[in-house]
Amino acid sequence: MLKTQWKEKGYIDEPIDPSVDIKSEIRRMCKEKNAIILAHYYTHGEIQDIADIIGDSLALAQQAAKTQADIIVMCGVHFMAETNKILCPDKKVLIPDLNAGCSLADSCKAEDLRKFKEEHPGYKVVSYVNTTAAVKALTDIVVTSGNAKRIVDTFAQDEKLIFGPDYNLGSYINSVTGRDMLLWNGGCHVHERFSVDEIVRLKREHPEALVLAHPECKGPVLALADVVGSTAVILKYAVESPEKEFIVATEAGILHEMERRCEGKKFYPVPPEVSEGGVGCHCNECQYMKMNTLEKIYNTLKYEWPEVDVDPAIATEAVKPIERMLKLS
């Protein structure tokens, strides 16, 4: 396929010889090219299995900041690859599919945030990591779901803060800090659609199970949770807890690592709400994370494309709030 056609698709779909051991070839190319594969917990299990490092947004940013690799392959979504490039401007950052976006990042455009800031002078901006580089460049400090409370607590109680773009996370942080931050009205299409009724049903069927929920979930879901935390936090809790059953309200990809590290324990993913006229399924997945495939990783490493770049002027400003976050994390 011509490279111009690849660019139109946003990924390389060149056929791979069926006789090729894709996993072995990926690892061979990583060694040959001094490349590292970072994968989010929400990607397919087979991708997590071949990755050098798996983690949540914070862990992956921390690893990108200190890697000695020449090439970073970010198996996640586009804003994560941008963050890697901002932290590692001298490295080549690849993403298996340029179309792997983020509904949360899309809910906050830089031009809209700029206007919002102008309408609210005197406010500092706390932005969730699930944002574009251009939004980060307008931000005072970046947070993740795992460190948001700790970082917000570093501000004076009477500090005027704008928190965005995730309304649910911001509302949760307001509730646990006693603050009244001004919240951007954005949301994650996965975490917003968990069904309260399904949690109640699962709890009725498995009365001993604890409910683990991500703070991007809606308030009624969090009200039913025994533990609220980032993917890394709820994974750690599942590993260390003496309990044997868990109802999980976050993207279903995390179950792969939970089951790998928690032999003998049972995990029940919370289904999404039934759409009007449709039938609910037994999982709640991010279609953007699932755009990452072994075949795309193979071709990405082979041709070293698609490559993610960030405008240097934007990167100069965006790196400041990211580094402030990493210093506090």
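Since this is a predicted model, take the numbers as computed values, not measurements.

Undergrad: Account for the sheet that holds strand β12 (residues 266-269), naming residues and giving values.
TA: Spatially, β10-β9-β11-β12 is the arrangement adopted by the four strands of the open sheet, whose pairing is parallel. What marks the edges here is a single partner per strand, and that holds for β10 (227-228) and β12. Across four bridges, the pairing between strand β11 (residues 245-249) and β12 is parallel. The residue bridging Glu245 from the neighbouring strand is Lys266, located in β12. Across the sheet, helix α13 (residues 231-240) touches β9 (210-213), β10, β11 and β12, and the angle it forms with β9 is around 155 degrees. Contacts from helix α14 (residues 254-261) reach β9, β11 and β12 within the one sheet, and its direction differs from that of β12 by about 170 degrees.

Undergrad: Explain the sheet that holds strand β3 (residues 71-75) to me, using residue names and the numbers behind them.
TA: Read from one edge of the open sheet, four strands run β2-β1-β3-β4, paired in parallel fashion. A strand with exactly one partner marks an edge of an open sheet, and here the two such strands are β2 (53-55) and β4 (92-94). Neighbouring strand axes in the sheet, compared pairwise and without regard to direction, differ in orientation by 20 degrees on average. Bridging between strand β1 (residues 35-40) and β3 involves five bridges; their strand directions are parallel. Following the sheet pairing, Ile37 is matched in β3 by Val73. With respect to the sheet, helix α5 (residues 78-87) is in contact with β1, β3 and β4, its orientation differing from that of β3 by roughly 155 degrees. Most of the contacts of helix α15 (residues 294-303) go to β1, to which it runs at about 150 degrees, and overall it touches β1, β3 and β4.

Undergrad: Give me the lowdown on the pairing of β9, citing residues and values where you can.
TA: One face of the sheet, then the other: side chains in a regular strand alternate in exactly this way. Burial along β9 is two-sided: the face carrying Leu210 and Leu212 and the face carrying Val211 and Ala213 are both buried. Across two bridges, the pairing between β9 and β10 is parallel. Looking at the pairing, Leu212 lines up with Val227 of β10.

Undergrad: How would you sum up the pattern of salt bridges? Please name residues and give values.
TA: This structure, assessed with the given rule, holds 18 salt bridges. We note a salt bridge from Asp52 to Arg27, for which the minimum N-O separation is 2.7 Å. Linking Asp52 in the loop between α3 (45-50) and β2 with Arg27 in helix α2 (residues 22-33), this pair joins segments that are 25 residues apart in sequence. When salt bridges with common partners are traced through the structure, they connect Glu25, Arg28 and Glu32 into a single cluster.

Undergrad: Any chance you could break down the packing of α5 against helix α16 (residues 312-328) for me, citing the residues and the numbers?
TA: Two measures define how a pair of helices packs: the angle their axes make with one another and the distance between the axes. It is the contact of α5 with α16, at a shortest axis distance of 9 Å, that shows an interaxial angle of 95 degrees. Taken together, α5 and α16 sit at an angle that is classed as roughly perpendicular. On α16, the residues that touch Thr83, Ile86 and Leu87 of α5 are Ala315, Ala318, Val319, Ile322 and Leu326. Considered class by class, the residues forming the contact of α5 with α16 number seven nonpolar, one polar and no charged.

Undergrad: Explain the side chain of Asn299 to me, using residue names and the numbers behind them.
TA: The topology assignment puts Asn299 in helix α15. Within the local environment of Asn299, its side chain forms a polar contact with the backbone oxygen of Glu14, the two atoms lying 3.1 Å apart. Apart from residues no more than four positions distant in its own chain, Asn299 is found in contact with Ile12, Asp13, Glu14, Ile16, Glu304 and Trp305.

Undergrad: Can you break down the packing of α2 against α15 residue by residue, with the values?
TA: In the contact formed by α2 and α15, the axes pass within 10 Å of each other and the chain directions differ by 30 degrees. Accordingly, the angle class assigned to the pair α2 and α15 is roughly parallel. Seen along the crossing, α2 lies across α15 with a hand that is left-handed. Contacts between α2 and α15 involve Ile22, Lys23, Glu25, Ile26, Met29, Cys30 and Lys33 from the first element and Leu294, Glu295, Ile297, Tyr298, Leu301 and Lys302 from the second. Grouping the amino acids of the contact of α2 with α15 by side-chain chemistry returns eight nonpolar, no polar and five charged.

Undergrad: Quick rundown of unusual backbone geometry? Include the residues and the values.
TA: Peptide bonds are trans in most cases, and residues, glycine excluded, mostly fall at negative phi. Residue Pro165 is reached from Gly164 by a cis peptide bond, and omega for that bond is 0 degrees. Mapped onto the secondary structure, Pro165 falls in the loop between β7 (161-164) and α10 (167-177). Its identity as a non-glycine residue notwithstanding, Asn34 has a phi of 55 degrees, on the positive side. With respect to the helices and strands, Asn34 occurs in the loop between α2 and β1. Overall, Asn34 belongs to the partly exposed group, its relative accessible area being 34%. Not every positive phi belongs to a glycine, and Glu304 is a case in point at roughly 55 degrees. Within the fold, Glu304 resides in the loop between α15 and α16. Take Glu304: its relative accessible area is 24%, and that puts it in the partly exposed class.

Undergrad: Now, about the environment of Glu240: what can you tell me, with residues and values included?
TA: Relative to the elements of secondary structure, Glu240 occurs in helix α13. Glu240 gets classed as exposed once you look at its relative accessible area, which sits at 56%. Counting along the chain gives 57 residues from Glu240 to Ile297, while the straight-line C-alpha distance between them is 33 Å.

Rules used throughout
Residues numbered from 1 in each chain as written. Predicted model: local features only at pLDDT ≥ 70, side-chain atom pairs only at ≥ 80, totals over all residues. Heavy atoms only, no water. Pairing = 2+ DSSP bridges. Helix = DSSP H or I, 4+ residues; strand = E, 2+ residues; numbered from the N terminus. Contact = heavy atoms within 4.5 Å. Axes fitted to C-alpha atoms, helices over the stretch in contact; angles between N-to-C directions. Buried < 20%, exposed > 50% of the residue type's maximum accessible area, 1.4 Å probe, protein only. Salt bridge = Lys/Arg side-chain N within 4 Å of Asp/Glu carboxyl O. Parallel < 35°, antiparallel > 145°, perpendicular 65-115°, else oblique. Nonpolar A, V, L, I, M, F, W, Y, C, P; charged D, E, K, R; others polar. Polar contact = N/O pair within 3.5 Å; in protein donor to acceptor, adjacent residues only side chain to side chain. Left-handed = near helix turned anticlockwise from the far one by under 90°.

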